[in-house]
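Understanding the architecture of this molecule
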Amino acid sequence: MLAVLVKRLGSSCLILLGVAAITFVLLYCMPADPAVMIAGRTATPTVVANIRHELGLDQPLIMQFFNYLANLLKGDLGRSYVQKSQVSSLIAARLPATLILMFSGIVVEVVLGTTLGVIAALNRGRMLDHIVMGLSFIGVSAPQFVVSLFFLIVFAANLGWFPMSGFGTFNHIVLPALTLGVLGAGWYARMVRSALVEVLTQDYVRTARAKGLTGVRVVLRHALPNALLPIIAMIGIDIGQFMSGVVVVEAVFGWPGIGQLAWQAIQQVDIPIIMGVTLVSALAIVMGNFLADILAPMIDPRIRV
Amino acid sequence: MKKVLLCATILGGMFALAPQNANAAGDIIVTYKDDVTTLDPAIGYDLVNWPLIKSVFMRLMDNKPGTAELVPSLAESFTISPDGMTYTFKIRNGVKFSNGRAVVASDVKYSIERAVDPKTQGPGGGFFNAIKGYDDLVGGKAANLSGIQATDDHTVVFTLTRPDATFMQVMAISFSSVVPKEAVEAAGADFGKKPVGSGAFTLKEWTSGQRLVFARNPDYFTPGVPNLDSITIEIGQEPLVAMLRLQKGEIDVAGDGIPPAKYAEMKASPDAADMLVEGNQYQTSYITMNTKVKPFDNVKVRQAVNMVINKQRVVQLLNGRATVANQILPPIMPGYDKQFGGYAYDVEKAKALLAEAGFKDGFETVLYATNTDPQPRIAQAIQQDLAAIGIKAEVRALAQANVIAAGGTEGEAPMIWSGGMAWVADFPDPTTFYGTILSCGGAVKGGWNWSWYCNPDNDKLATAADSMSDPAKASERAAAWSKIYANVMAEAPWVPVINELKVVAKSKRMAGSPDFYIDPVRIFNYDAISVK
């Protein structure tokens, strides 16, 4: 078990290194010059050249990359080209908002998705099943910006139940979390339904029924725990996805998360921030999967090594 | 007993303060999409931080609110030597930084040297290139500008290497803001997040990605300025959401303006008169034609293109938020020539010119534009106009940074539509539209002369015009610039298309002259606006 963990950890580090290298090369190849963007329209060529030199952009790519890695090992993500602040502190300032949104979004989608999935599975082939599956289809295919703007206009602008944008109180999180949750719930509902449908035909479920247990108890005690595995794996993936910033939802609701930071940095060709956000979200994806891999055997003895 | 006394003192103090604040009541909320990048005056150079920096810091000179007129600010008075090479400023007594220290002449010297020093990585150094010692500091041969001397605490003397007609304007731009050395050194590169100035407002709070709060500086040198008690800048607000909030009265100014989709509705609403302010700005949107790319190396081709652009339709695409342009300078700029006719719309004449140039059947080319609405739609309109004379232009809509990079790469972008690349002139002087965007010096890699147009004769005339620093010769100088731009238009490296109007959406309770909201130099004058 330990050996497997160490091996997974090692490959996770390699993945991160690969992400850093690929992002670095891609940003370098991008046809936009950060020095020109900083210098603005009235700068003389000397000023542009000086800025390029001060940022180290006149060095060969490989040197720039090794410098970046050397600093990274020291925990230094560098300074923003445009804002001049430490990238690590800029990301740290946004992290709480992103974590809160991630956590709330996952709670809503798991609770909503699992409930709907169970309802659909228990009513397989009936009207309720078709309704739930139809809704989940809309959920998985609706674009984020449509749903978030719809919620914003109906529940915030017209009904006035929630603030239109911002961060700080419980009311602020409701609409963004609901947007993410409703959209994500579709996936969970479909997954839970198909896992349950399979489990419900198993012998032990029939045995449980034969013992005289009610349908609900059978599902909650015997069937659902066995259908949990894919949900855990999916949450692992979602952690990564939400950490990379849910750009659209953050933008619509003025949520001060990592996505907004990344979006602004891309517009301004602020390479250190883009690198930093990419690495942090890659780290989150790797860690999310890693956690799912550790948790799975704890829940399901069948896949213990 | 001590406690009671203390309470009495505090209460007494509060009552004593109350009447002073009565005429200055007001806390307002302004929203922006992007976080404010920096408040460091040596670095900040966008339309959001520029007006904020101007309100947090003082400069020797400033502009009268809502106008382009120069007035002494940190300077109490000044003298200019007859040859226009030496400027002596007397510094106002009793002006203090928000850390409590008095502002002295050596702070002015330090601040401008810092703006020029390459290590600061600031964009504004070039504005000061007429000051003696500029080349040595930029080239790393000196640590100071020998052309700035603080002769005593209240006198600072600038020595120039050539007369510079824009020098006094430069003393009023944000890069000339005066900063205290000790605060800059204590904060290091984070000075932009912890600014210490002597302006009308001081920064009280900055929560990254969420808000900035500015409070009025009670020690500001002009009594009664600013009118507001505080300004809260809320960050991360989508323009459309900001407009909804503005209509509900939750915020006071939607900083990013009105999205195209919302403009018609706003304009037609009964609140428009109270909530919309429109005005001219120092801005021209244009199409560049790359004189180093065939067939735009042929002046007849460039002139032909000038005759087929339906500018009125571009105005319509902007919901009427623009006026048609026929020359490079915007109408409110000195040097704008009212008599100038430009190229009239004439498809037949354009066809004839193209035929003369050897392109009877037109040609294929590429038109670059930024990818944010409505710019791609405008580029498509231009594409249709070009098709009328057989020019098949492929529209390439990219992120702003990529368009700028393509423009600054020799032989890369045949045509660029400049709209949406937010830029207005830094100060009201005709030279601002020439320097880096039409001169030979700007036609370099990473430069902004996207036409790669270079006429050394015009460059000579421009240098001569900018040397006429005697204020008495202002009209002669403006005429000289009119001539230069007429020369440029004859060679037609651009199609000047429109002058965009600035439109600000504000809450009904906001008061003060409309000019304060569309301030031509400050962009937005936080010092002068007020609440009803």
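By convention here, each chain's residues receive numbers from 1 onward along its written sequence. Labels follow written order: the first chain is A, the first ligand is 1, and so on. For a predicted model such as this one, the threshold for reporting local features is a pLDDT of at least 70, and the threshold for listing and counting side-chain atom pairs is 80 or more; totals across whole chains, interfaces and linings nevertheless cover every residue. To obtain the side-chain values, all non-hydrogen atoms of the structure were used and water was disregarded.

Re the overall build of chain B
What counts, and what does not: Only DSSP runs of H or I reaching four residues or more are called helices, and only runs of E reaching two or more are called strands; each is numbered from the N terminus. For this measure, only C-alpha atoms enter the radius of gyration; the expected value for a globule follows 2.2 Å times N^0.38, where N is the number of residues. Each residue is assigned to one of three classes by its accessible area relative to the maximum for its type, calculated with a 1.4 Å probe on protein chains only: buried under 20%, partly exposed between the two thresholds, exposed over 50%. Residue contacts are defined here by distance: any two heavy atoms, one from each residue, within 4.5 Å place the two residues in contact. The accessible surface values rely on the Shrake-Rupley method and a 1.4 Å probe; as for residues, cover is taken only from the protein chains in view. Charge counting treats Lys and Arg as positive and Asp and Glu as negative, with His and both chain ends excluded. By convention, charge coordinates are those of NZ in Lys, CZ in Arg, CG in Asp, or CD in Glu.
Per the secondary structure count, chain B includes 17 helices and 21 strands. Compactness check: chain B gives a C-alpha radius of gyration of 25 Å against a globular reference of 24 Å for 532 residues, within 12% of the reference. On the principal axes, the C-alpha backbone points of chain B span a range of 100 × 55 × 40 Å. Burial statistics for chain B: of 532 residues in total, 58% are counted as buried. In chain B, the proportion of contacts linking residues at least 24 apart, taken out of those at least 6 apart, comes to 69%. As displayed, chain B has an accessible area near 20,500 Å², and 55% of this comes from carbon and sulfur atoms. Of note, chain B has its 51 positive side-chain charges centred 2 Å away from the centre of its 56 negative side-chain charges.

Structural notes on the overall build of chain A
Scanning chain A from N- to C-terminus turns up 13 helices and zero strands. Along chain A, helices and strands appear, N-terminal first, in the series α-α-α-α-α-α-α-α-α-α-α-α-α. If you line up chain A on its principal axes, its C-alpha atoms span 85 × 55 × 30 Å. Burial statistics for chain A: of 305 residues in total, 49% are counted as buried. Within the structure as shown, chain A displays about 14,600 Å² of accessible surface, and the carbon and sulfur contribution to it stands at 72%. Positive and negative side-chain charges of chain A, numbering 19 and 13 respectively, have mean locations separated by a distance of 11 Å.

Some thoughts on the packing of aromatic side chains
All names here are of chain B. Going by this rule: When two rings of Phe, Tyr or Trp (its six-membered ring) have centres within 6.5 Å they constitute a pair, described as stacked for plane angles under 30 degrees, edge-to-face for angles over 60, and tilted for the intermediate range.
According to the stated counting rule, one finds 27 aromatic pairs over all chains in the structure shown. Centroid distance Y87 to F167: 4.5 Å. Interplanar angle 45°. Geometry classified as tilted. Residue Y87 is found in strand 5 (residues 86-91), and its partner F167 is found in helix 5 (residues 167-170); the two are separated by 80 residues along the sequence. Under the relative-accessibility criterion, Y87 is labelled buried at 2%. Overall, F167 belongs to the buried group, its relative accessible area being 2%. Ring geometry for F359 and F363: centres 5.4 Å apart, planes at 70°, overall edge-to-face.

Side note on the packing of helix 15 (residues 456-466) of chain B against helix 16 (residues 474-491) of chain B
All names here are of chain B. The condition is simple: An axis is simply a line fitted to the C-alpha atoms; with a helix, the fit covers only the stretch in contact. Between two such axes, the angle follows the N-to-C directions and lies from 0 to 180 degrees. Angle categories are assigned with fixed cut-offs, so that under 35 degrees is roughly parallel, over 145 is roughly antiparallel, 65 to 115 is roughly perpendicular, and the rest are oblique. Note on convention: the crossing is left-handed when the near helix lies turned anticlockwise from the far helix by less than a right angle, right-handed when the turn is clockwise. Ten residue types, Ala, Val, Leu, Ile, Met, Phe, Trp, Tyr, Cys and Pro, are classed as nonpolar, four, Asp, Glu, Lys and Arg, as charged, and the remainder, Gly among them, as polar.
At a closest axis distance of 9 Å, the pairing of helix 15 and helix 16 adopts a crossing angle of 165°. Judged by the angle between their axes, helix 15 and helix 16 are roughly antiparallel. Pair helix 15 / helix 16 crosses with left-handed handedness. In this structure, helix 15 contributes N458, L461, A462, A465 and D466 to the contact, and helix 16 contributes R477, A480, W481, I484, N487, V488 and E491. For the contact of helix 15 with helix 16, the per-class residue count stands at seven nonpolar, two polar and three charged.

Remarks on the sheet that holds strand 6 (residues 148-152) of chain B
All names here are of chain B. Short version of the rule: Pairing between two strands requires that DSSP report at least two bridges joining them.
One open sheet accounts for four strands, arranged 4-5-7-6; its pairing is antiparallel. Either end of the sheet is taken by a strand with one partner, and the two such strands are strand 4 (75-80) and strand 6. Adjacent strand axes in the sheet meet at a mean angle of 20°, parallel and antiparallel pairs treated alike. Summarising the sheet, strand 4 and strand 5 pair through five bridges and their orientation is antiparallel. Counted as the bridge partner of I80 is Y87 from strand 5.

Considerations on helix 14 (residues 400-407) of chain B
Most of helix 14 of chain B is tucked away: seven of the eight residues are buried. Among the residues of helix 14 of chain B, those classed as buried are B:A401, B:N402, B:V403, B:I404, B:A405, B:A406 and B:G407. Packed against the buried residues of helix 14 of chain B are helix 2 (34-39) and helix 12 (258-267) of chain A together with strand 15 (364-370), strand 16 (392-398) and strand 17 (415-417) of chain B.

Points about the domain arrangement of chain A
Residues and elements named next belong to chain A. Keep this limit in mind: Here the limits of each domain have been adopted from an automatic or database domain assignment. Accessible area that two parts lose when put together, evaluated with a 1.4 Å probe and summed over both, is termed the buried area. We define a salt bridge as a contact between a side-chain nitrogen of Lys or Arg and a carboxyl oxygen of Asp or Glu at a distance within 4 Å.
Its domain assignment divides chain A into domain 1 (2-73) and domain 2 (99-299). Relative placement of domain 1 and domain 2: their C-alpha centres are 33 Å apart. Contacts between domain 1 and domain 2 engage 17 residues on the former and 15 residues on the latter. Together, the buried faces of domain 1 and domain 2 total about 1,500 Å²; carbon and sulfur atoms form 84% of this surface. Together, R8, L16 and L27 form the three largest contributors to the area buried by domain 1 at its contact with domain 2, with a combined 33%. Taken together, the connections running from domain 1 to domain 2 amount to one salt bridge. Between R8 and D293 there is a salt bridge, with the nearest N and O atoms lying 2.7 Å from each other. Those elements that place two or more of their residues in the side of domain 1 that touches domain 2 are helix 1 (2-29), helix 2 and helix 4 (61-73). The element best represented in the side of domain 1 that touches domain 2 is helix 1, accounting for 11 residues.

Structural notes on helix 1 of chain A
Residue and element names in this part refer to chain A. Where we set the bar: In this scheme, a helix's expected span is set at 1.5 Å multiplied by one less than its residue total.
Here helix 1 contains 28 residues, and its C-alpha end-to-end distance of 41 Å stays within 8% of the 40 Å for a straight helix at 1.5 Å per residue. What helix 1 keeps buried is the set S12, L16, A20, T23, F24 and L27. The inward-facing, buried residues of helix 1 contact helix 4 and helix 13 (271-299).

Structural notes on the pairing of strand 15 of chain B
All names here are of chain B. Rule in force here: Orienting the strands away from the viewer, one traces the path from the first strand over the helix to the second; a clockwise path indicates a right-handed crossover.
Counting buried residues in strand 15 gives six out of seven residues, a clear majority hidden from the surface. Here seven bridges tie strand 15 to strand 16, and the two strands are oriented parallel to one another. Looking at strand 16, one finds that Y368 is bridged to R396. Crossover strand 15 to strand 16 through helix 13 (residues 375-387) is right-handed. Alignment of strand 15 against strand 17, held across two bridges, turns out to be parallel. Note that in strand 17 the partner of Y368 across the bridge is I416.

Here we look at the pattern of salt bridges
All names here are of chain B. Throughout the structure, instances matching the rule amount to 29 salt bridges over all chains. Between R114 and D40 there is a salt bridge whose closest N-O contact spans 2.5 Å. With R114 in helix 3 (residues 105-116) and D40 in the loop between strand 1 (27-32) and helix 2 (49-56), this residue pair connects regions lying 74 residues apart in the sequence. No difference in accessibility class separates R114 from D40, as the two residues are buried. Where E113 meets K109, a salt bridge forms, and the shortest distance between an N and an O atom there is 2.7 Å. One end of the pair is E113 and the other is K109, both in helix 3 and four residues apart, which spans about a single turn. Here E113 falls in the buried class, since its relative accessible area comes to 8%. It is possible to trace a salt-bridge network through shared partners that takes in R59, D62, R522 and D527.

So, the interface of chain B and chain A
We apply this condition: By the criterion applied in these results, polar contacts are pairs of N or O atoms within 3.5 Å in which, for protein atoms, one can donate a hydrogen and the other can accept it, and in which residues neighboring in sequence qualify only through two side-chain atoms.
The interface of chain B with chain A comprises 47 residues on the first partner and 47 residues on the second. Summing both partners gives a buried area of about 4,000 Å² for chain B against chain A, and 57% of it is carried by carbon and sulfur. Of all residues in chain B, B:T37, B:Q121 and B:W448 give up the largest surface area on contact with chain A, accounting jointly for 15% of the area buried on that side. A salt bridge links B:D35 to A:R94; the shortest N-O distance between them is 3.6 Å. At the surface where chain B touches chain A, the tally comes to nine residue pairs in polar contact (both at pLDDT 80 or more). Considering each element in turn, the side of chain B that touches chain A owes the most residues, five residues, to helix 7 (residues 239-248) of chain B. Looking at the side of chain B that touches chain A residue by residue, the classes come out as 22 nonpolar, 14 polar and 11 charged.

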